[in-house]
Amino acid sequence: MNTFEALLMGLLQGLTEYLPVSSSGHLAIAAALFGVDGESNLIFTVAVHVATVFATLVILWKKIVWIFKGLFRWNGALNAEQRYALAIGVSMIPVGIVGVFFKDYVEAIFGARLFVVGCCLLVTAALLIFSYYAKPRHKEEVSLKDAFIIGLAQAIAVLPGVSRSGSTIATGLLLGNKKETLAQFSFLMVIPPILGEALLDVMKVMKGGAEAVTAGIGTVPLLVGFLAAFVSGCLACKWMIGIVRKGKLIYFGIYCAIVGSILIVSSIL
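Summarised in this report is the structure supplied together with it. Since this is a predicted model, take the numbers as computed values, not measurements.

Parameters at a glance
- Residues numbered from 1 in each chain as written.
- Predicted model: local features only at pLDDT ≥ 70, side-chain atom pairs only at ≥ 80, totals over all residues.
- Heavy atoms only, no water.
- Helix = DSSP H or I, 4+ residues; strand = E, 2+ residues; numbered from the N terminus.
- Expected span 1.5 Å × (residues − 1).
- Buried < 20%, exposed > 50% of the residue type's maximum accessible area, 1.4 Å probe, protein only.
- 1 Å grid on protein atoms, 1.4 Å probe; cavity = no way out; pocket = protein on both sides within 12 Å on 5 of 7 lines; lining within 4 Å.
- Points joined across faces, edges and corners; volume = space filled by probe spheres on them.
- Salt bridge = Lys/Arg side-chain N within 4 Å of Asp/Glu carboxyl O.
- Axes fitted to C-alpha atoms, helices over the stretch in contact; angles between N-to-C directions.
- Parallel < 35°, antiparallel > 145°, perpendicular 65-115°, else oblique.
- Left-handed = near helix turned anticlockwise from the far one by under 90°.
- Contact = heavy atoms within 4.5 Å.
- Nonpolar A, V, L, I, M, F, W, Y, C, P; charged D, E, K, R; others polar.

### Details of helix H7 (residues 114-132)
Compared with an ideal rise of 1.5 Å per residue, which puts 19 residues at 27 Å, H7 spans 27 Å between its outermost C-alpha atoms and is within 8% of the ideal. Looking at H7, one finds that the buried residues are Val116, Val117, Gly118, Cys120, Leu121, Thr124, Ala125, Leu128 and Ser131.

### Looking at the layout of surface pockets
By rolling a water-sized probe across the atoms, one finds the places where empty space is left. Quantified by volume, the second largest pocket comes out at close to 270 Å³. Along the walls of the second largest pocket sit 15 residues, with Ala80, Tyr84, Glu140, Glu141 and Val142 positioned nearest its centre. Elements with a contribution of two residues or more to the lining of the second largest pocket: helix H4 (61-71), helix H5 (80-101) and helix H10 (179-189). When residues of the lining of the second largest pocket are assigned to their parent elements, the largest contribution, 5 residues, is made by H5.

### Details of the pattern of salt bridges
Pairs can form between side chains of opposite charge whenever their charged atoms are close. By the definition in use, this model includes 3 salt bridges. Across the pair Glu141 and Arg83 runs a salt bridge, and its minimum N-O distance is 3.2 Å. You can see Glu141 sitting in the loop between H7 and helix H8 (144-156) and its partner Arg83 sitting in helix H5, a full 58 residues away along the chain.

### Description of the packing of helix H9 (residues 164-174) against H10
Remark: H9 packs on H10, axes separated minimally by 9 Å, with the N-to-C direction vectors making an angle of 140°. Between H9 and H10, the interaxial angle falls into the category oblique. Considering how the two elements wind past one another, H9 and H10 form a crossing that is right-handed. For the pair formed by H9 and H10, the contact residues are Ser165, Thr168, Ile169, Gly172 and Leu173 on the first element and Lys179, Leu182, Ala183, Ser186, Phe187 and Met189 on the second. Among the residues making up the contact of H9 with H10, the classes are represented as 6 nonpolar, 4 polar and 1 charged.

Encoded structure:
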């Protein structure tokens, strides 16, 4: 992977990790169109995923500080910060089970074939469009039950083409959660799974030895990819929070429907 390819894949990862269009699906499309496959290089995958975590920490640092300030304060009952942290923990259960026990099987069965990506993009489109027309109920906070259901949506996003942010935000909206808080919860809840996935990839790299760490990429392209994912991730994260507040997800739904249809038709012909 050269520097330009690393820049391209880093920008793509940072943008699509937060925008509800599926990062895995678009990386598969990029691999098919340009012959650039960041997913095949584990160390690059780890770098760009960690970069998106850093982007979340930068954009949502006030919310994170708020959580940690109240997390270890006990007044005889759970405070708002502890309930929020507990909801994030509950949301991790489904994706944790799928990630540890089924992720490799899902990838082996479905892979990143464009037909599969197209079908999954249609699923993402349906979720986004349905959530746009959902009648808001404005729940004050994400309940443990809702957190678990949103976590199930995140687990389904292991399929290439199902957007992690799109599925979690759309599911939360369908459950009647407030737009103002849902995007933040959706982005914060993915930090532990992304770090966990990065840790699993690091373990794979370590098993492969030094050759696996350096294969196919140099220090400069790796750094460029990391910075590109971080900067584009910061922009996309902040932009996406505003989009959710304004309820404009339907446009991404239409986009996913168009791209998904094109992929399906092109795969059949």
